[in-house]
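Descriptive structure summary
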Amino acid sequence: MDESLYSLRMHARRESRHLSGGERLVGAADLEKATAALVRRALEHPRGRADEIRLAVDLVPPAEIRHGRLLDLRTYLVADYRQGRQAARRLLRDAGISTGAVSAAMDWIAQGAAPDGRAMRGAMLIDAESGARLEADPARGVRASRMDLTPTAEAELRARLGEQGLDNSHVREALVLASKVLAAPQVLAELCWSDDPDYTAGYMATRDLGYVRFPQLKPLGEERGGRAFFVRGAGLDREGLVAFLEQAVLLIDRIGTIGGAEEWRD
Ligand code: PML
Ligand code: MG
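Residues numbered from 1 in each chain as written. Chains lettered and ligands numbered in written order. Predicted model: local features only at pLDDT ≥ 70, side-chain atom pairs only at ≥ 80, totals over all residues. Heavy atoms only, no water.

Some points on the sheet that holds strand 4 (residues 65-69)
One open sheet accounts for three strands, arranged 4-12-7; its pairing is parallel. What marks the edges here is a single partner per strand, and that holds for strand 4 and strand 7 (147-149). Averaged over neighbouring strand pairs, the angle between their axes works out to 30 degrees when direction is ignored. Where strand 7 lies against strand 12 (residues 249-254), three bridges are found, and the strand directions are parallel. Pairing of Asp148 across the sheet is with Leu251, part of strand 12. Its contacts with the sheet put helix 5 (residues 169-181) on strand 4, strand 7 and strand 12, and the angle it makes with strand 7 is roughly 125 degrees. (Pairing = 2+ DSSP bridges. Helix = DSSP H or I, 4+ residues; strand = E, 2+ residues; numbered from the N terminus. Axes fitted to C-alpha atoms, helices over the stretch in contact; angles between N-to-C directions. Contact = heavy atoms within 4.5 Å.)

Structural notes on the pattern of salt bridges
Overall, the coordinates contain 23 salt bridges when judged by the stated rule. Its salt-bridge partner being Glu52, residue Arg13 comes within 3.4 Å of it at the nearest N-O pair. Linking Arg13 in strand 1 (residues 5-14) with Glu52 in strand 3 (residues 52-60), this pair joins segments that are 39 residues apart in sequence. Exposure remark for Arg13: the relative accessible area of 27% places this residue in the partly exposed category. Of the residues examined, Glu52 reaches a relative accessible area of 24% and is grouped as partly exposed. For the salt bridge of Glu239 with Arg238, the shortest nitrogen-to-oxygen distance reads 3.3 Å. Looking at Glu239, the relative accessible area reads 54%, which means it is exposed. It is possible to trace a salt-bridge network through shared partners that takes in Arg9, Asp58 and Arg146. (Salt bridge = Lys/Arg side-chain N within 4 Å of Asp/Glu carboxyl O. Buried < 20%, exposed > 50% of the residue type's maximum accessible area, 1.4 Å probe, protein only.)

What about the pairing of strand 2 (residues 17-26)?
Counting buried positions over the 10 residues of strand 2 gives eight, a clear majority of the element. Taken together, the nine bridges between strand 1 and strand 2 define a ladder with antiparallel strand orientation. Among the inter-strand pairings, Tyr6 is bridged to a residue of strand 2, identified as Val26. Count of turn residues in the strand 1/strand 2 antiparallel hairpin: two residues, of which Glu15 carries a positive phi of about 50 degrees.

As structure tokens, then:
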């Protein structure tokens, strides 16, 4: 059997700024359908229709495919985005990220982390101690790429998420992305909230806690969102980390636990 996969990547822009992206790893038989779905996403985005769509398709030989497992997922219900950010802050602090680094990441995401004050296409790399930004290009950031679920794992995940009313592409794709990011030993934690104005949820993730989501990490209608990957800055091999996040191919074939929603208690 031919186990080669195609890495399919989409990046869409509108009015010269990042609009939408997507990542798939699919067999030849599914490539056309997967490509059409990503083009549709770029044309039907809540922030408007794309005016540039870049697609990249690369064959990945079986020997280059790593296999992995999803992080466990849980949801904490919060009263509003302020309480959501407080809760995420607490968990990040407990995970060893300094207060200053958490505040810096939240301030950057809230104000638009790209130099023009808009959402970035990729993520910030933040020193977990000093809060300094470490990515080489602060307009682009680091784009976690080339990861997906096997069809069997995807079906299992969709069934488990469906039981919690969470089977949507935001949750599935963010969970896959965070699982790749936390597979890098240099990354201590991730923080994200959406840049889509009609989607208020976000999450923090660590290897120990898994993917911890909050239905509200920003107000409805807000377009600024993004991601921070917290790293230990001392002795960091930044090029090695970025090469793993952007180039290594990770096919996730095992799902984690999908917990029910609980009220956040301070
Ligand atoms: C995005 O798709 O814009 C990021 C969504 C992050 C939160 C997804 C969730 O768990 O609801
Ligand atoms: Mg988005």
